[in-house]
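# Descriptive analysis of the structure
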Amino acid sequence: MMKNRLKEVIESLIFISLEPLTLEKIKNVLQEYSEEEIEKAIKELLESYATNERGIQIIQSAGGYLFSTRPEHDIWIRRLFKLERKAKLSSAALEALSAIAYHQPATLAEISAMRGVDSSHTLKTLLQKKLIKIVGRKKSPGSPLIYRTTDKFLAYFGLTDIKDLPSPEEISKILEEEKDLEEEESSVH
Amino acid sequence: MMKNRLKEVIESLIFISLEPLTLEKIKNVLQEYSEEEIEKAIKELLESYATNERGIQIIQSAGGYLFSTRPEHDIWIRRLFKLERKAKLSSAALEALSAIAYHQPATLAEISAMRGVDSSHTLKTLLQKKLIKIVGRKKSPGSPLIYRTTDKFLAYFGLTDIKDLPSPEEISKILEEEKDLEEEESSVH
Amino acid sequence: MDASATYQVRLEVFEGPLDLLLFLIKKKKIDINDIPMATITREYLEYLNHKERINLDREAEFLLIASLLIYIKSQMLLPRERALDEEKDPRQILVDQLLDYQKIKAASLLLRKKEEDELQKWKRTALPSLFPEEETDFMEVSLYDLAESFFSLMRKKEKKKTRTIKRKEFSLEEKTKEIMAVLKENSFLDFLDYFSQQESFEEAFVSFFSLLELIKSRIVIAVQKGPFQPIKVRLRQEAYLKRK
């Protein structure tokens, strides 16, 4: 098989996969090829999508590659399916998720304490949406269940890895910006 | 919108459509554009897929346009699907597994009775995946085989001990809440 | 946007007592590390008083923080044998919690932006199946799915048996009496412990409201040494004396 053929095979595998296709799976399918060959082909494939003007793109999500449409085409796709904007998570759900994401593994009591609000209902919603999962029990009095974020969580927010979460620096930047904004406002009034 | 933008929008519409997307539907979505513009953009789109070497193609089928992989990649795609199937559980397997997990040691007859379905095939799958094992025979008529979950089962679900399974109280609370919520919602509407 | 309008909007969307506290602190342009307890406690209680319709589910949480604020305020007012700096400033616990909470809020703001981006991308998650239905019905499962599957199974069985167990009914009055009895017996009642003893969701719910009523009518007080500490309920001194 010629080199650009390998690129094409990988393109079709990513296309047909219902979930983000990991490098590991690609290598498993293409056992006959060396890791270098495969990685090089993927790199070329991504480059060809980045440079050509296309309606679809390959994104990296939850540790794998996945085809998606471009955000600016959202309006046309919703028109095709006659759909409203996709529903966002509630602020409570989002808050509980970030508490878990940054402090995982975490128990219900820990999450509730961080938020100052009983979070059992919110956790249930997140479990049902499969954005978090139960991963065992804490070795502490009462052995409470402990929770972690899932791969679906990563995919939902377009993260490749849990390390891609907004960094402490990004967070303090947001807090600084908020402060500046308030000072501006107070100087106006 | 520039002309090649229109081409990109059409590409994303064909991509996302699960059925062959007809020219009529495309025109319906893109009402703002003339038929000529649309037809020209489609022609260009098809040409760009025909001339570039790509792993996916746009085919005309049942009066519409549809993305598909290329026939020569069939063997790789089959390999991928086989791989993915191996790594996951079916809902039948999950149900049988949960019955064994909470009621072990259990016999085939007991598991089948709990599920209301003959489970011999499902147990075979679980045995192959090494999530359950045969631990002996029950001292009862017919001496049926008895099954237990394995260490691999614990690892799969991130448990250190079988006692760490979520308790009936913990889960029924979650399920009960859900029921209450549904009732509330239905009484509102 | 007009500043007063933002104020109005935000009143309805506090995610909890910490959110409200942060808002009040920001509004006053107070440094989180240097909260004037008297002012902020007054503002907080005023807000609770003015809110016409408090969500009952969440009232307890707002009251708990209120009692923490009052507790800290009173600690600071008490004459001390040792200088304040020798002991841990009672405000520090609250400050730490607020700072942590502030970070969570900021992170969720950043996640919201990512969510907005992602929701506009469409993926082919439901491709026409290439294989027979049975073979493609596979999924990734977690411990929760496993447990849920088992209890759904059990529930299906329950329904088949068409056995109906009449639910025990609980009245507010009964529960209030029960709580008072516990409080007279022991000096305090452990909030979480007590709730975990309730047999059903319904019973816990009634107990919860009884407790709220008792707190509102100032017969009992709920205290907590600090976040993560057990919440304890005890009779107010005056009510205790009167009953004696």
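### Focus on the pattern of salt bridges
- All told, the structure shown has 32 salt bridges over all chains when counted by the stated rule.
- One salt bridge in this structure joins A:Arg70 and A:Glu72, with 2.9 Å as the shortest N-O distance.
- When its relative accessible area of 16% is taken as the criterion, A:Arg70 is described as buried.
- With a closest N to O distance of 3.8 Å, B:Glu47 and B:Lys43 form a salt bridge. Here B:Glu47 pairs with B:Lys43, and both are found in helix α3 (residues 35-51), just four residues apart, close to one helical turn.
- One network of salt bridges, with partners in common, ties together A:Arg5, A:Glu8, B:Arg70 and B:Glu72.

### A word on unusual backbone geometry
- Note the cis peptide between A:Gln104 and A:Pro105, where omega equals -5°.
- You can see A:Pro105 is positioned in the loop between α5 (91-103) and β4 (106-107).
- For A:Ala62, which is not a glycine, the phi torsion comes out positive at approximately 45°.
- Accessibility expressed as a relative area gives 13% for A:Ala62, which makes it buried.
- Not every positive phi belongs to a glycine, and B:Lys130 is a case in point at roughly 60°.
- Topologically, B:Lys130 is positioned in the loop between α7 (120-128) and β5 (132-137).
- B:Lys130 gets classed as exposed once you look at its relative accessible area, which sits at 55%.

### Comments concerning the packing of α5(A) against helix α5 (residues 90-119) of chain C
- Between α5(A) and α5(C), the least distance of the axes is 8 Å, while the angle of their chain directions is 110°. What the angle tells us is that α5(A) and α5(C) run roughly perpendicular. Listed contacts from α5(C) to A:Ser91, A:Leu94, A:Glu95, A:Ser98, A:Ala99, A:Tyr102 and A:His103 of α5(A) are C:Tyr101, C:Ile104, C:Lys105, C:Ala107, C:Ser108, C:Leu111 and C:Arg112.
- Split by residue class, the contact of α5(A) with α5(C) holds seven nonpolar, four polar and three charged.

Procedures and definitions
Residues numbered from 1 in each chain as written. Chains lettered and ligands numbered in written order. Predicted model: local features only at pLDDT ≥ 70, side-chain atom pairs only at ≥ 80, totals over all residues. Heavy atoms only, no water. Salt bridge = Lys/Arg side-chain N within 4 Å of Asp/Glu carboxyl O. Buried < 20%, exposed > 50% of the residue type's maximum accessible area, 1.4 Å probe, protein only. Helix = DSSP H or I, 4+ residues; strand = E, 2+ residues; numbered from the N terminus. Axes fitted to C-alpha atoms, helices over the stretch in contact; angles between N-to-C directions. Parallel < 35°, antiparallel > 145°, perpendicular 65-115°, else oblique. Contact = heavy atoms within 4.5 Å. Nonpolar A, V, L, I, M, F, W, Y, C, P; charged D, E, K, R; others polar.

None of this, on its own, says anything about what the molecule does.
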